[in-house]
Amino acid sequence: MTNQALPLDPLQDLPDQVADFSTDPGLIPLGRLAERLGIRILEAGPDRVVGTMPVDGNQQPYGLLHGGASAALAESLGSIGAALHAGPGRYAVGVDLNATHHRPAVSGHVTGVATAVFRGRTAATYEIAVTDDAGKRISSCRLTCMLRDA
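Structure report, in brief. (Residues numbered from 1 in each chain as written. Predicted model: local features only at pLDDT ≥ 70, side-chain atom pairs only at ≥ 80, totals over all residues. Heavy atoms only, no water.)

**Some points on the overall build of the protein chain**
The helix and strand tally for the protein chain stands at 3 helices and 6 strands. When the helices and strands of the protein chain are listed from N to C terminus, the series reads α-α-β-β-α-β-β-β-β. The buried share of the protein chain, reckoned over its 150 residues, is 43%. Taking contacts inside the protein chain between residues at least 6 apart in sequence as the whole, the part at least 24 apart equals 60%. Just so you have it, the protein chain exposes about 7500 Å², and 52% of that area is on carbon and sulfur atoms. (Helix = DSSP H or I, 4+ residues; strand = E, 2+ residues; numbered from the N terminus. Buried < 20%, exposed > 50% of the residue type's maximum accessible area, 1.4 Å probe, protein only. Contact = heavy atoms within 4.5 Å. Areas by Shrake-Rupley, 256 points an atom, 1.4 Å probe, with all protein chains shown as cover.)

Quick look at the structure:
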């Protein structure tokens, strides 16, 4: 199942837009950038979000996965978790993203796993580990989202 583009009202959260993505995370709307990067959601909940992205098409001029693509994957996954935590009538906005790149990826897919490290009323923070097909960590990221009422 591929992620479907759904029109989003920026002041609505994911639960208001998607009927039941708990049984099909492929229904979570990702936006045009994530679609262009080829990001696919495999699992989604407020505590943990898992997604993949191809290396092909997301490389910098030397043939390595672009660090900005890794950061976009991380922010996409963490933002989904934060929006799910925020709940109906609320939305999440990324306010801080940190990415440390450890090793290159040159082919295949990368997988990001966003794990909640703090879930409060007004903010949520996620650690995102991005690994290659061999399971080696290529990037460590941290995202903090502000949670707002719609």
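**Things to note about the pattern of salt bridges**
For the coordinates displayed, the defined rule picks out 5 salt bridges. Between R119 and D47 there is a salt bridge whose closest N-O contact spans 3.2 Å. Of this pair, R119 sits in strand β4 (residues 109–119) while D47 sits in the loop between β1 (40–44) and β2 (48–54), and the two are 72 residues apart along the sequence. Among the residues examined, R119 registers a relative accessible area of 37% and is labelled partly exposed. Take D47: its relative accessible area is 45%, and that puts it in the partly exposed class. One salt bridge in this structure joins D96 and R142, with 2.8 Å as the shortest N-O distance. (Salt bridge = Lys/Arg side-chain N within 4 Å of Asp/Glu carboxyl O.)

**Some words on the sheet that holds strand β5 (residues 123–131)**
Pairing is antiparallel across the open sheet formed by 6 strands, whose spatial order is β1-β2-β4-β5-β6-β3. The strands lining the two open edges of the sheet, one partner per strand, are β1 and β3 (90–101). Strand-to-strand twist in this sheet, taken as the mean axis angle between neighbours without regard to direction, amounts to 20°. Summarising the sheet, β1 and β2 pair through 4 bridges and their orientation is antiparallel. Along β2, the bridge assignment pairs R40 with T52. Strand contacts of helix α3 (residues 67–86): β1, β2, β3, β4, β5 and β6 (137–149), with the helix running at about 40° to β6, the strand carrying the most contacts. (Pairing = 2+ DSSP bridges. Axes fitted to C-alpha atoms, helices over the stretch in contact; angles between N-to-C directions.)

**What about the environment of I138?**
Structurally, I138 is set in strand β6. What makes I138 buried here is its relative accessible area of 2%. With 37 residues separating them along the chain, I138 and H101 place their C-alpha atoms 5.9 Å apart.

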